[in-house]
Every structure is written in structure tokens, then in C-alpha cells.
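Observations on chain architecture
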Amino acid sequence: MPRNIDREERKRLIAQTAWRLVATQGLKGATVRNIAEAAHLSVGSVQHVFKSSKDIYLFAMDQAVANAAARIGATPSLAHDPLAAVQHVLYELLPLDKTREAEARTWLAFTAEALVEPSLAEASSAMQYLLGQVARSCIEALDEAELLRADADKELETISLQAFVDGLALQMLAAPKSLPASKAKEAVRSYIQGICA
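Scope of this entry: the structure provided in the associated data block.

Rules behind the numbers
Numbers given for residues are sequential positions, taken from 1 along each chain in its written order. The predicted origin of the model limits local features to residues at a pLDDT of at least 70 and limits the giving and counting of side-chain atom pairs to 80 or more, whereas totals for whole chains, interfaces and linings rest on all residues. Where side-chain values are given, they derive from all heavy atoms of the structure, hydrogens and water being excluded. Helix numbering and strand numbering both begin at the N terminus, where a helix is a DSSP run of H or I of at least 4 residues and a strand a DSSP run of E of at least 2. Multiply 1.5 Å by the residue count of a helix minus one, and that product is the helix's expected span. Summary of the burial criterion: residues with accessible area below 20% of their type's maximum are buried, those above 50% are exposed, and those between are partly exposed, where the area comes from a 1.4 Å probe applied to protein chains only. This arc corresponds to the set of directions leading from the helix axis out to the C-beta atoms. By definition in these notes, contact holds between two residues if any of their heavy atoms fall within 4.5 Å. Between N or O atoms, a polar contact is any pair within 3.5 Å; within protein, one atom must be a potential hydrogen donor and the other a potential acceptor, and residues adjacent in sequence are included only when both atoms are from side chains. Salt bridge, as used here: a side-chain nitrogen of Lys or Arg that lies within 4 Å of a carboxyl oxygen of Asp or Glu. Axis geometry follows a simple rule: fit a line to the C-alpha atoms, using only the stretch in contact for helices, then measure angles between N-to-C directions, giving values from 0 to 180 degrees. Convention used here: angles under 35 degrees read as roughly parallel, angles over 145 as roughly antiparallel, angles from 65 to 115 as roughly perpendicular, and any remaining angle as oblique. Note: crossing handedness is left-handed where the near helix turns anticlockwise from the far helix by less than a right angle, and right-handed where it turns clockwise.

What follows is about helix α8 (residues 154-174). Between its first and last C-alpha atoms α8 spans 30 Å; for 21 residues at 1.5 Å apiece the expected length is 30 Å, and the two agree. Looking at α8, one finds that the buried residues are E157, T158, L161, Q162, V165, L168, A169, M172 and L173. Projection of α8 onto a plane perpendicular to its axis shows the buried side chains occupying an angular sector of 140°, all on one side. Where α8 is buried, its residues touch α5 (82-92), α6 (98-114), α7 (118-144) and α9 (181-195). Among the residues of α8, the N-terminal cap falls to D153, whose side-chain oxygen and the backbone nitrogen of E155 are separated by 3.0 Å.

Following this line, the structure appears as C-alpha cells:
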């Protein structure tokens, strides 16, 4: 690793390293010392950028939100083919490949820690807010395309969709053999068809 890497690049490297460690070892494995070792940096170099592991977690959580938002932003337009686009957007929130699985494992660990560590609660809320906004956009797109059932309560459907995606992601992590990616995609398609006219 070059000695003169830029501060923002170092922060991203540390965050990515933290994600890998949390995904494989949980939060207990993502100590400043372990992160420094895995990133091929000195402990002092990590502490120069982040004062504590909590600071690393906060930055890593913010980066996870930014990464998910960027992936979702790169999905096909909801206006062109709303049904296919909504499904694609929801796929981006699920651990369908190694990268998204690592992010989901990391996010789950951070979310659990935020329940007992108030300093992480705001960052955890940011991810939940993003998921809520994505669910709202999906329901709005289906409604605007006149695909959503006419009697649907859009607010309730938004809440239900977010809960469905959260639950599906958790199931995929907890029981990957019983819920592989192909079945998860099938479940998303079935759910969306169920709320459409």
C-alpha cells in the first residue's frame, strides 16, 4: 500500500475492510487493530482518520447507504417498464450476489448494534429511510402506471413492501439453502403481481 494515499481513499479502504471483517467475523472481529492489519495499514494510520471503531462503523454505514443508493439510481427508469423496473430495483436490495450478501450481512450487524448503541442509531435510521423511499417510489411508479390495485392504500402498501424486502433479505441470509437467489426473485415477482390489478 503506498504511504501517500489520499485521506478519502484511505477512509474508503478502511470502510471496505470493515465491511469484509463484519461480514465474516461480526462486529467483534472489526476492531481497529484487525481492520488496520487487514487493510495493510498501521493502527496509528487508521486512528489518524478514525478515532474509534464506532467512527469507522458510522462511516461504513454511510458508505453502505451511498452504495445502495447508487446501485438503485443505476437501475432502469421506472417510467419505461414500471413492472420490470420495480422488480429490478427490489433485486438491488437483496443479497443476490457476493457483494450484496456482504453488504447485507454487514448492514444487519450494524443494525443490531444500533439497537443497543445510540451513537449508531442515526446511521441505521438513514438506511431504513432509504428503504422506505425506495418502497414508496416503487408503489408510486406502479400507481402512476395504473398497475397498482385501485383499492390499494399506498401508505400501507409502502410499509408492507419495505417489510417484505427486509424479511426476504433476512431469510436469504439466515437460510440461504432454502431460499436461493432464484427463489427470492420469484418471491419478489409474486409479491409485486399480488399488489397489482
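Okay, the environment of D151 next. Examined against the element boundaries, D151 turns out to sit in the loop between α7 and α8. Sequence separation between D151 and A60 is 91 residues; the distance between their C-alpha atoms is 41 Å. A polar side-chain atom of D151 sits 3.1 Å from a polar atom in the side chain of R149.

Counted under the stated rule, the structure contains 13 salt bridges. Here R105 makes a salt bridge to E101, at a shortest N to O gap of 3.2 Å. Of this pair, R105 and E101 both sit in helix α6, separated by 4 residues, roughly a single helical turn. R105 sits in the partly exposed class, given a relative accessible area of 34%. The exposure class of E101 is partly exposed, given its relative accessible area of 25%. Between E186 and K183 there is a salt bridge, and its shortest N-O distance comes to 3.8 Å. A residue pair is termed a helical-turn pair when its members lie 3 or 4 positions apart in one helix, as E186 and K183 do in helix α9 at 3 residues. Look at K183 and you get partly exposed, because its relative accessible area is 43%. Among the charged side chains, a salt-bridge network with shared partners connects R71, E92, D97, R100 and E103.

It is worth spelling out the packing of helix α4 (residues 53-73) against α6 at this point. Following both chains from N to C, one finds α4 and α6 inclined at 135°, their axes separated by 11 Å at the closest point. In terms of axis orientation, α4 runs oblique to α6. α4 and α6 meet at a crossing whose hand is left-handed. Here Y57, A60, M61, A64, V65, N67 and R71 of α4 lie close against α6, whose contacting residues are R100, E103, W107 and F110.

Note: α-helices contain 3.6 residues per turn, so residues at a spacing of three or four share the same orientation. Under the 1.5 Å per step criterion, the end-to-end length of α4 is 30 Å for 21 residues, consistent within 8% with the ideal 30 Å. Turning to α4, its buried residues are I56, Y57, F59, A60, M61, A64, V65, A68 and I72.

As a further point, take unusual backbone geometry. Backbone geometry at H40 places phi at a positive 60°, although glycine is not the residue there. Note on placement: H40 falls in the loop between α2 (32-38) and α3 (43-49). On the basis of relative accessibility, which here comes to 65%, the residue H40 falls in the exposed class. Positive phi outside glycine occurs at E146, with the angle close to 60°. Looking at the element boundaries, E146 is found in the loop between α7 and α8.

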